[in-house]
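# Descriptive structure summary
Below, each chain spelled out in residue letters.
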Amino acid sequence: MTTTSSSTSIDKTQKVSLQVPTTTDVPPFFAGLHTSYIAGLAEKLDAKTSYEGAVTEHLRMSGVYWSLTALSLLKSPEEVDVIMGLTAPTAGRPISIVDWVLQCYDNRSGGFGGNIGHDGHLLYTLSAIQILALADRLQDERFLNLKESVIDFVAARQQPTDGSFTGDEWGEIDTRFTYCALSSLSILKALDRVNVTQAADFILSCRNFDGGFGCTIGAESHAGQVFTCVGALSIAKSLHKLDADLLGWWLAERQCDSGGLNGRPEKQADVCYSWWILSVLSITGRVSWINRDKLATFILKCQDDEDGGIADRPDDMADIFHTFFGISGLSLLGHLHAAIPECAPFRQIDPVYALPTDVVQKLGLQGQIMVAQEGDSVEERLQQYDTLTSQHKLFQ
Amino acid sequence: MNALNALDQLWELLCLNPKEFDIAILRSPDDNTKNPFVLQEGHLGLHAGDLPWLARDFRTAYRTARLQDCDSVLKVTSCLLLVCPDHATAWADRKRALLSVQCHEDLWTRELDFVNLLMTRHTKAPTSWFHRKFVLQQRILQLLSALPPPPPPNDDHDDQENTFSTTCTTTTTCIYSNMVQLARDEIQICARIADRYPKNYYAWTHRSQMLQKIHHMLQDDSTSGTRTLADHYTQLLQDQWQSTTRWLQSHVSDHSAAHYGGMVLQLLRRQQLQQHNPQDHHQVPDNDTTQLVHAMMISSITVAQQLVERHPSHEVLWIFRRICNHEFLCYAMAITDDEDDDDNTALLLNSSYWKDHIDIIFCVEGNNHDNSLEAQRTQLYQLSYVAWMLEDVGRLAKRFDSWNDLVRRVRLLQGVTQQEYQTLRNTVLTQLRERKETIPFYQQQQHPQV
Ligand SMILES: [Zn+2]
């Protein structure tokens, strides 16, 4: 693949055309229901009879991040702050989310745990940093006091042998952790604390014959892992090492008859892959390789039209994980803004950092994206990134 | 029932032989006792309705216990992890406790029994799979600690060294056999999990990592015992290939298995290559392995072809055919590297490879009248497969100066002209585009120049 950097030649006025399904059997997007679903979630999880709440206590940090980000795409930052009690306690809650996040810091390891009193882990450290970024509290004095230790914790996860990252002190290696580490350090402006080239090379060693990536070397390609790998390569500005055509082919084949995307061949379509796959197609400039209308319709059909929230597939029970991925997927499709005019002043999702674009822009976060062909336009939301033009070679 | 009672009761049940039962979640309580656990007919049943309070109470008990002794930690985390299997901190405390208790011989084997029990019910918690790997690593260290030290660098006393080597080899052989047996046990457990929970990503990944682990040991270690290990390993890979293709016959949509099969072929390929180019004098080229691998690479093409012929509407089997062809191409490249390659190899590889692919196109063209969804899907998989294969060949060709150079090196393409290659590719792409208004991907591709 020949690549040329051409970040200067992009016409910033061009926009990718938005596709809105016009058929009548497509449900509308229930913005109001989703807002109340997310707003009521914490109370529901804390209820004594909640199974969900009981078994997800140890990953509450991720749940809070999913809730906040999903809601951020529907409401203004000020409204999100009030509804969630982000920077000041909301009614019925003793402390704000930011205070709680800071309490989840694990002194022993230097990372953040999934809840108060838990061991530090890269997964939750990234979520914690993302929440602080959303709350615009990265300059909070209490966090600044911890910042160096957090950076140390993340940097120490890199293995000198192959550049991979472990999730915590115990040594589990997974391409997810590479993404968590690079994203965390990029947000904290400390990428120079790790060997970024070696990190990218480890990701590439996990590439399979089909162009996809698994969780470790030799592991089956999995669309979820593909996101973490391509996201990491984007932050490492190493997309030129990617075989974007082959990967795009494999990702395009994930679209099922229902319009939904699956994560592996002959698995059921699932809303979460809308995010994992769309973000990669967006980063590599190949969103048009799938049928966008059909995918938007599939996501809309997975909404709970009574209580709000989005499920993994139609008629299943909604959860916050899929609500986040469904709303973010619609945002990447450009559907969200086209479908609900009242959302237009609000925010879009960024496919590299999984944060609202204005947060990414404000923090000046770095990364790289691709356009599939010379002359392709770059979506407005991606214009802060370096652009790589891949002259695609498939079937040439 | 209070938390302490529930905890004690569950712990008591877990202290019975956990190998003899599995965990079941009971959706509708069929007894009216207040007992949250039922042990019958090899199942340890937990009532679904009790799970929220059990999880909460176990968590509360865990907060106290983690400040206490190792036994308390092991007891409470055993119960907690059965309801919250992805609780990373509980797994971490468990590792700390295991590492600090007096190391008795069966500590790690017994820990594996617990993980096995947990995995009869919970198979998708990444941390539990990592814990499994951690325990195995400890077990392997335990096994390897019995290895004799490397022979002293002493050239003067030949007799002495020989005696030393013989003793070493016997012990080493025995330890390496145990290692391979350990891998086989793990593989069997993964197969059992994949049977109950189809397409389980973690089970198949773990299974493949077992194979890769031995591969790395062979690469790293050049002691005299590696030859035994290599032999065991080749046999293991061969068995894995047989069992995976058999599995695919009855699990026709299992992409994890297809990927694993590809991994086995790749490891076999590399195993042969490693023996071909021994880095040290201990290893000599092994003709048995060479012939075995050669036969398997050839037959993999046929096996994949037979699978799609039997179940043509399954995407996974067409992907399996892609995988086998890809591995085959890599293999063909590698072996024709040898200058002194004999013509038999070329002939074998040459036979009907290209014609088989042309036949697929004819077959699709002949089936144009069948408009059923299944037929349409099949045609799509067939065409995509050929397109993929041609792309794979095309990518290979780019590594050479000319098409003729490619054909000279990859003999299975012998007799195929570049013109024929282009024509076939154009035919496939045209057919794909005709079928593809719904899938934009192929429409995006520009028409290749003839
Ligand atoms: Zn999902």
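So, a few notes on the structure that sits alongside this text.

Rules behind the numbers
Residues numbered from 1 in each chain as written. Chains lettered and ligands numbered in written order. Predicted model: local features only at pLDDT ≥ 70, side-chain atom pairs only at ≥ 80, totals over all residues. Heavy atoms only, no water. Helix = DSSP H or I, 4+ residues; strand = E, 2+ residues; numbered from the N terminus. Rg over C-alpha atoms; globule rule 2.2 N^0.38 Å. Buried < 20%, exposed > 50% of the residue type's maximum accessible area, 1.4 Å probe, protein only. Donors = N, O, S within 2.8 Å, 3.2 Å for Na, K, Ca; no water. Tetrahedral: all angles 85-135°; square planar, octahedral: opposite > 155°, others 65-115°. Pairing = 2+ DSSP bridges. Axes fitted to C-alpha atoms, helices over the stretch in contact; angles between N-to-C directions. Parallel < 35°, antiparallel > 145°, perpendicular 65-115°, else oblique. Contact = heavy atoms within 4.5 Å. Nonpolar A, V, L, I, M, F, W, Y, C, P; charged D, E, K, R; others polar. Buried area = accessible area lost by both parts, 1.4 Å probe. Salt bridge = Lys/Arg side-chain N within 4 Å of Asp/Glu carboxyl O. Polar contact = N/O pair within 3.5 Å; in protein donor to acceptor, adjacent residues only side chain to side chain. Phe/Tyr/Trp six-rings, centres within 6.5 Å; stacked < 30°, edge-to-face > 60°. Lys NZ or Arg CZ within 6 Å of the ring centre and 35° of its normal. Expected span 1.5 Å × (residues − 1). Disulfide = S-S within 2.5 Å.

## Considerations on the overall build of chain A
Of the regular secondary structure elements, chain A holds 17 helices and 3 strands. Taking 396 residues into account, the globule formula puts the C-alpha radius of gyration at 21 Å, and chain A, at 20 Å, falls close to it. Each principal axis of the C-alpha atoms in chain A carries an extent, and together these give about 60 × 55 × 40 Å. The buried share of chain A, taken over its 396 residues, is 64%.

## Quick notes on the coordination of the zinc ion
All names here are of chain A. The zinc ion binds to the protein through D270 (OD), D270 (OD), C272 (SG) and H322 (NE2); the donor distances cover 2.1 to 2.4 Å. Considering all 4 donor atoms around the zinc ion, the spread of angles at the metal, 56 to 115 degrees, places the coordination shape in the irregular class. When the donor residues of the zinc ion are listed from N- to C-terminus, their spacing reads D-x1-C-x49-H. Of this pair, C272 sits in helix α13 (residues 272–283) while H322 sits in helix α15 (residues 320–332); the two residues are 50 residues apart in sequence, bridging distant segments of the chain. Residue H322 is classed as buried on the basis of its relative accessible area of 7%.

## A look at the environment of A:G40
On the secondary structure map, A:G40 appears in the loop between α1 (31–39) and α2 (41–46). Considered as a pair, A:G40 and A:M84 are 44 residues apart in the sequence and their alpha carbons are 9.3 Å apart.

## A short note on unusual backbone geometry
All names here are of chain A. You will see that K189, though not glycine, has its phi angle at about 55 degrees, which is positive. For K189, the position within the fold is in the loop between α9 (175–187) and α10 (196–205). When its relative accessible area of 52% is taken as the criterion, K189 is described as exposed. Even without being a glycine, E266 presents a positive backbone phi close to 55 degrees. Take E266: it is sitting in the loop between α12 (244–252) and α13.

## Notes on the pairing of strand β2 (residues 37–40) of chain B
Residue and element names in this part refer to chain B. In this sheet, strand β3 (residues 43–47) lies alongside β2 in antiparallel orientation, the contact comprising 4 bridges. Within β3, the position partnered with V38 by the bridge is G45. Joining the antiparallel neighbours β2 and β3 is a turn of 2 residues, in which E41 adopts a positive phi near 45 degrees.

## Some points on the packing of α12(A) against helix α15 (residues 373–397) of chain B
Direction vectors running N to C along α12(A) and α15(B) enclose 170 degrees, while the axes themselves pass 13 Å from each other. Taken together, the axes of α12(A) and α15(B) lie roughly antiparallel to each other. Residues A:D245, A:L246 and A:W249 of α12(A) touch α15(B), and the partners they reach there are B:S384, B:A387, B:W388, B:E391 and B:R395. Looking at the contact of α12(A) with α15(B) residue by residue, the classes come out as 4 nonpolar, 1 polar and 3 charged.

## Quick notes on the interface of chain A and chain B
Every contact between the two is made by 55 residues of chain A and, on the other side, 57 residues of chain B. When chain A packs against chain B, close to 5000 Å² is buried across both sides, 54% of that on carbon and sulfur atoms. Across the contact surface, chain A and chain B share 9 salt bridges. Here B:R395 makes a salt bridge to A:D243, at a shortest N to O gap of 2.4 Å. Scanning the region where chain A abuts chain B turns up 28 residue pairs in polar contact (both at pLDDT 80 or more). Put simply, the parts of the chain that give the side of chain A that touches chain B at least two residues each are α2, α3 (51–55) and α12 of chain A. Across the side of chain A that touches chain B, the residue classes tally to 18 nonpolar, 18 polar and 19 charged.

## What to know about the packing of aromatic side chains
To describe a pair of aromatic rings, you give the distance between the ring centres and the angle between the ring planes. Under the definition given, this model contains 21 aromatic pairs over all chains. The interplanar angle of 25 degrees and the centroid separation of 6.0 Å between the aromatic rings of B:W241 and B:F320 together place this pair among those described as stacked. A residue pair is termed long-range when its members are at least 10 positions apart, and B:W241 in helix α9 (residues 226–250) and B:F320 in helix α12 (residues 315–335) qualify at 79 residues. Through a chain of ring-to-ring contacts, three or more aromatic side chains come together here, namely A:Y65, A:W66, A:Y179, A:F227, A:W275, A:W276, A:F321, A:F324 and A:F325. In this structure, B:R94 is placed above the aromatic ring of B:F114, and the distance from its NZ or CZ to the ring centre is 4.1 Å. When the ring centre of B:F134 is taken as origin, the NZ or CZ atom of B:K95, which lies over that ring, is 5.6 Å away.

## Some thoughts on the pattern of salt bridges
Residues and elements named next belong to chain B. All chains considered together, the criterion is met by 38 salt bridges over all chains. Measuring nitrogen to oxygen at the nearest pair gives 3.0 Å for the salt bridge that ties K355 to D359. With K355 and D359 both in helix α14 (residues 353–366) and 4 residues apart, the pair spans about one turn of that helix.

## Regarding the sheet that holds strand β1 (residues 22–26) of chain B
Residue and element names in this part refer to chain B. Strands sit in the order β1-β3-β2 across an open sheet of 3 strands; the sheet is mixed. The strands lining the two open edges of the sheet, one partner per strand, are β1 and β2. Between one strand and the next, the sheet's axes are offset by a mean angle of 25 degrees, whatever the strand orientation. Of the strand pairs in this sheet, β1 and β3 are connected by 5 bridges, and their pairing is parallel. Residue pairing in the sheet places I23 in a bridge with L44 of β3.

## A look at helix α4 (residues 60–72) of chain A
Compared with an ideal rise of 1.5 Å per residue, which puts 13 residues at 18 Å, α4(A) spans 18 Å between its outermost C-alpha atoms and is within 8% of the ideal. Among the 13 residues that make up α4(A), 13 are buried, leaving the element largely enclosed by the rest of the structure.

## Here's the deal with the state of the cysteines
Residues and elements named next belong to chain B. On inspection of all chains with the given rule, the structure shows 0 disulfides over all chains. With no disulfide partner, C330 has as its closest neighbouring cysteine sulfur the one in C324, 12 Å distant. Among the residues examined, C330 registers a relative accessible area of 25% and is labelled partly exposed.

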